[in-house]
Amino acid sequence: MLIRQCKDTFIRRFSDIGYITNQLTKHDLNFNETGADFLDKISREPKRIDLIVRELLPLFQDISFEELETDFVEFVEGLEKMGFIITGNTLDELNAKEPSFSYQMANPKTSLYDFTSPDKNDVLTESAEFFNEAFRKEPRIFGLQIEVSSRCNERCIHCYIPNKKKEKGTDIELSLIKRVLDEAREMGTLQLTLSGGELFLHKEIASILYHARKNDFSISILSNLVLLRDEHIPLLKEINPSLVQVSLYSLKAEEHDAITLVKGSFGKTKNAIEQLVTADIPVQISCPVMKVNRKSYKDVLIYANNLRTKAYTDFIMMAQTDYDVNNLSQRISMDETAELLSDMLEFDLDYKNTTLTRQSKSFDIERYKKSSVCGVGINSICMTANGDYYPCAGWQGMILGNAYKQSLNAIWKNSEQINELRKVTYASFPKCVECEAKDFCAMCLVRNFNENNGDMFKLTKHFCDVAFLNKKMVDEYLKTEKDTRKIL
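Concerning the overall build of the protein
Reasoning step 1: Looking only at helices and strands, one finds 20 helices and 15 strands in the protein.
Reasoning step 2: For 488 residues, the compact-globule formula gives about 23 Å, and the C-alpha radius of gyration of the protein, at 23 Å, lands near that figure.
Reasoning step 3: Taken over the C-alpha atoms alone, the protein extends approximately 70 × 60 × 50 Å along its principal axes.
Reasoning step 4: By element, 50% of the accessible surface of the protein is carried by carbon and sulfur atoms, the whole surface being about 22,500 Å².
Reasoning step 5: Averaging the locations of the 63 positively and 72 negatively charged side chains of the protein gives two centres separated by 4 Å.

Okay, here's the thing in structure tokens:
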């Protein structure tokens, strides 16, 4: 019997913890040391189960070949039922069983992440929560974002990247990004996000994508898609991205173009989205809401739903990385936010389900105080086209190191700034710990930093106001639902 992992499955090992995830089903599992040893032997190349068991036998004492084979086969059967691996007697049988993404599927992989853990002794807790705990104790780069080009062909009025950087931008050197990708893979990085500026401005984007696939990352691509060409379609099919994320601000061309400041960008972006859908390449549509398009986001969500793609809305803007806050003039007012939240609780199912679930969870205040505010320096890092490393893409006022001078591993372990960031927890914000709206807060270190001249600890009143408004509206929504049930 042959076994191999599916093309959408990724396996990593973090010390004694084995991790397997599938970007098609959005399921993932963590295993203890025994499961990690088993996962180590599963790869993209087909292997005979009996040969794998013989490789494993020296790792286990006082167990026969037959007993170990029984345990491994049971392990494999569980993984196959969940769609992580495939088995078969021949290569043709394996290839015939390989699942592939299609918009004709019952559940396209653009749906929300679903972290699951069957009730087995060797399976740990829900993955997101587990990794938050594990990586806080032993920081690892789970996710890496790389700005392939700082140049951009749009000038979006709300963007946190200053226009001067886009105009005088540069493209990352191919040799540099290849080295960094190799370093990241050696460190166990799983998720890779490639962005800009606009990444399709890079003339060697194909080479970059192929090298990323060679290193077996789960790849996400952020692009405005204006420059998508026919020749990019087979390239994207081959590198098999987890998703391609694009911003679509309105279904009215004049509104979308008024935000990008590029006439004709709406038509090119919309056509590219539909081209990717036709080619069965997963697309995720982002629709940031601002004054220009606050009445139009529902049309974008309906459009995305009709295409069977995932779409989401974000209404909290971030100041520019040089502390310029002029772009925040596009931020919607509190009254407009209230109107938007009311619509989202009725119309945006992802937002509604996430918000109401958050409201219903029990709260451990001591655990909350010890928790990291976000994953920067804990499980993620970002590099820009000139080789500078930042905590995240929007946090370009804090340089952690430079790839031309240091290895990724050296920066991750030794950067003074990154080690200071790791000390920041919710306990660093006493007012937040006591705040009754903390469950609904979108407080973010980089948003604090950019909006307050580099002070990450200074809270921005707007975020607090939005949190209390969000709580108020959710409370009212739940009360109305409760009263309705009583009547019925």
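Overview of the sheet that holds strand β9 (residues 218-222)
Reasoning step 1: With respect to topology, 9 strands assemble into an open sheet ordered β12-β11-β10-β9-β8-β7-β13-β14-β15, the strand pairing being mixed. On the outer flanks of this sheet lie β12 (310-314) and β15 (401-402), each paired with one strand and no other.
Reasoning step 2: Note that strand β14 (residues 388-390) and β15 share 2 bridges and pair antiparallel. Pairing of Y389 across the sheet is with G401, part of β15.

Some remarks on the side chain of E183
Reasoning step 1: Tracing the sequence through the fold places E183 in helix α7 (residues 174-186).
Reasoning step 2: A relative accessible area of 17% places E183 in the buried class.
Reasoning step 3: In this structure the side chain of E183 is engaged in a polar contact, spanning 2.8 Å, whose partner is the side chain of R179.
Reasoning step 4: The contact partners of E183, leaving out residues within four places of it in the chain, are S407 and L408.

Quick word on the side chain of R4
Reasoning step 1: With respect to the helices, strands and loops of the structure, R4 is situated in strand β1 (residues 2-5).
Reasoning step 2: With relative accessibility at 9%, the residue R4 sits in the buried group.
Reasoning step 3: Within the structure, R4 has its side chain in polar contact with the side chain of E98 (distance 2.8 Å).

Let's talk about the packing of aromatic side chains
Reasoning step 1: Scanning the entire structure with this criterion turns up 15 aromatic pairs.
Reasoning step 2: Three or more aromatic residues link up through ring pairs in this structure, and these residues are F31, F38, F60, F72 and F75.
Reasoning step 3: In this arrangement the basic side chain of R422 is found over the ring face of W412, its NZ or CZ atom lying 4.7 Å from the centre.

Some details on the nonpolar core
Reasoning step 1: I146, L194, I273, I285 and I381 are the most contacted members of the largest nonpolar core, which totals 98 residues.
Reasoning step 2: When residues no more than four places from it in sequence are discounted, the contact partners of I273 are L225, V246, L248, V283, I285, Y303 and L307.
Reasoning step 3: Counting residues in hydrophobic clusters, the runner-up holds 22 residues, among them L29, L39, L79 and M82.

Remarks on the pattern of salt bridges
Reasoning step 1: Per the counting criterion, the structure on display carries 27 salt bridges.
Reasoning step 2: Salt-bridge contacts for D322 lead to K164; the nearest nitrogen and oxygen are separated by 3.9 Å. Here K164 lies in helix α6 (residues 163-167) and D322 lies in the loop between β12 and α13 (334-347), a separation of 158 residues in the sequence.
Reasoning step 3: Residue K164 is classed as exposed on the basis of its relative accessible area, which comes to 54%.
Reasoning step 4: Three or more residues joined by partner-sharing salt bridges are found here, namely K291, R294, K295, E336 and E339.

Rules used in this analysis
- Residues numbered from 1 in each chain as written.
- Predicted model: local features only at pLDDT ≥ 70, side-chain atom pairs only at ≥ 80, totals over all residues.
- Heavy atoms only, no water.
- Helix = DSSP H or I, 4+ residues; strand = E, 2+ residues; numbered from the N terminus.
- Rg over C-alpha atoms; globule rule 2.2 N^0.38 Å.
- Areas by Shrake-Rupley, 256 points an atom, 1.4 Å probe, with all protein chains shown as cover.
- Lys, Arg positive; Asp, Glu negative; His and termini not counted.
- Charge placed at Lys NZ, Arg CZ, Asp CG, Glu CD.
- Pairing = 2+ DSSP bridges.
- Buried < 20%, exposed > 50% of the residue type's maximum accessible area, 1.4 Å probe, protein only.
- Polar contact = N/O pair within 3.5 Å; in protein donor to acceptor, adjacent residues only side chain to side chain.
- Contact = heavy atoms within 4.5 Å.
- Phe/Tyr/Trp six-rings, centres within 6.5 Å; stacked < 30°, edge-to-face > 60°.
- Lys NZ or Arg CZ within 6 Å of the ring centre and 35° of its normal.
- Core = buried A, V, L, I, M, F, W, Y, C linked by side-chain atoms within 4.5 Å.
- Salt bridge = Lys/Arg side-chain N within 4 Å of Asp/Glu carboxyl O.

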